[in-house]
Amino acid sequence: MLKMGEIQRLDKMIGNSGLGTRKEVKELIKRGAVSVNGAIVDQPEFKVDPYSDTVKINGSKLKYRKFIYLMMNKQAGVITATEDKREKTVFDVLPDFYKRFDLSPAGRLDKDTEGLLVLTNDGESIHELLSPKKHVDKKYFAILEKPVEKEYFSKIKQGIDIGGYVTMPAVLEIAGTECEVFLTIREGKFHQVKRMFEALGNKVAYLKRISMGNLYLDEKLPPGEVRELTEKEIKLLLGEKYE
Ligand code: URA
């Protein structure tokens with residue numbers, strides 16, 4: 001959440017904006033490269049209000065952002081983890097610039113699943129997005145091995161036993177051919193989509209997440225690439241919480 005009047009240290013404010021490590025930022029400030037409201041400040045601990053003070057670095061105005069939100073079009077073959085000894089992770093494929101932020105994924109996609117993955121350092125929002133109580137819809141496109149059967153629609157609407165757990169009501173839609181569907185769920189149990197179709201006697205051959213709440217994957221974003229969410233998209237994702 002962005003709030004007015006949030007006083008913080010100058011080095012933290014600059015660091016949050018991705019302009020270097022804490023150490024690099026401190027050196028930058030000590031070198032006299034940073035001004036606050038027109039006066040050079042060489043103390044990293046100097047207190048600023050990021051929303052009302054004008055901070056310039058070598059004369060260029062700093063655009064402050066408290067958190068960073070990335071949209072990734074996850075490619076198949078990488079795992080949703082921060083690091084792993086054997087597998088390539090979504091963080092390994094991030095451009096170096098974004099590796100300096102303390103980002104976490106909002107939810108998990110399987111290694112072979114593609115599509116929308118939000119990465120952010122806004123932990124509170126991740127928590128809310130993933131909470132089943134908040135009813136954030138997650139929409140997937142799936143290609144099934146066998147054609148959809150009529151009974152799937154009512155069964156999915158009622159909830160499916162995926163092995164000791166009955167899923168919350170979900171929505172199934174035909175997406176193209178008789179094997180292509182959209183499935184919208186509100187939870188994120190382990191392998192949930194795959195397990196739901198398995199419980200129906202079918203199998204998912206291809207899976208891609210296309211939306212999370214009101215945020216849709218930018219289909220122009222190539223697999224494996226990221227971009228920052230626009231202000232409008234952050235509002236779509238977080239709703240009223242983001243002002
Ligand atoms: N459900 C699955 O089975 N896999 C995913 O990656 C996401 C949802």
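Further up the page is the structure itself.
Thresholds, definitions, all that
Residues numbered from 1 in each chain as written. Predicted model: local features only at pLDDT ≥ 70, side-chain atom pairs only at ≥ 80, totals over all residues. Heavy atoms only, no water. Near = heavy atom within 4 Å. Polar contact = N/O pair within 3.5 Å; in protein donor to acceptor, adjacent residues only side chain to side chain. Areas by Shrake-Rupley, 256 points an atom, 1.4 Å probe, with all protein chains shown as cover. 1 Å grid on protein atoms, 1.4 Å probe; cavity = no way out; pocket = protein on both sides within 12 Å on 5 of 7 lines; lining within 4 Å. Sits in = over half its atoms within 2 Å of the grid points. Nonpolar A, V, L, I, M, F, W, Y, C, P; charged D, E, K, R; others polar. Core = buried A, V, L, I, M, F, W, Y, C linked by side-chain atoms within 4.5 Å. Buried < 20%, exposed > 50% of the residue type's maximum accessible area, 1.4 Å probe, protein only. Helix = DSSP H or I, 4+ residues; strand = E, 2+ residues; numbered from the N terminus. Contact = heavy atoms within 4.5 Å. Pairing = 2+ DSSP bridges.

**Student:** Which residues make up the site of the ligand, and what values do they have?
**Tutor:** As a structural note, the neighbourhood of the ligand is formed by Leu109, Asp110, Thr113, Tyr140, His191, Gln192, Val193, Lys194 and Leu207. Thr113 places a polar side-chain atom, nitrogen or oxygen, 2.8 Å from an oxygen atom of the ligand. One of the backbone nitrogen or oxygen atoms of His191 is found 3.2 Å away from an oxygen atom of the ligand. About the coverage of the ligand: the protein hides 96% of its 240 Å² of free accessible area. Here the ligand is seated within the largest pocket. Residue classes in the shell around the ligand are distributed as 4 nonpolar, 3 polar and 2 charged.

**Student:** Tell me about the nonpolar core, and please be specific about residues and values.
**Tutor:** With 33 residues, the main nonpolar core has Leu94, Ile156, Leu183 and Phe197 as its most contacted residues. Elements supplying a minimum of two residues to this core: β7 (69-74), β9 (114-120), β10 (138-144), α5 (150-158), β12 (180-185), α6 (192-199) and β13 (204-212). With sequence-adjacent residues up to four places away left out, Phe197 is seen in contact with Leu144, Tyr152, Ile156, Leu172, Val181, Leu183, Asn202 and Val204. Grouped together as the second largest cluster of nonpolar side chains are 16 residues, Val136, Met212, Leu229 and Ile234 included.

**Student:** Please give an account of the pairing of β13 that cites residues and values.
**Tutor:** Judged by how many residues are buried, β13 sits mostly within the fold: 7 of 9 residues are covered. Inspection of the sheet shows β9 paired to β13 by 2 bridges, in the parallel sense. When the sheet's bridge partners are listed, Glu114 is paired in β13 with Lys208. Relative to β13, β10 is paired through 7 bridges, and the arrangement is antiparallel. Residue pairing in the sheet places Ala142 in a bridge with Leu207 of β13.

**Student:** Give me the lowdown on the side chain of Asn202, citing residues and values where you can.
**Tutor:** With respect to the element layout, Asn202 can be found in the loop between α6 and β13. With a relative accessible area of 4%, Asn202 lands in the buried category. One polar contact links the side chain of Asn202 to the main-chain carbonyl oxygen of Lys146, over a distance of 2.8 Å. A distance of 3.1 Å separates polar atoms of two side chains, one belonging to Asn202 and the other to Tyr152. Each residue touching Asn202, except ones within four places of it in the same chain, is listed here: Leu144, Glu145, Lys146, Pro147, Tyr152 and Phe197.

By themselves, these observations are geometric and do not establish any function.
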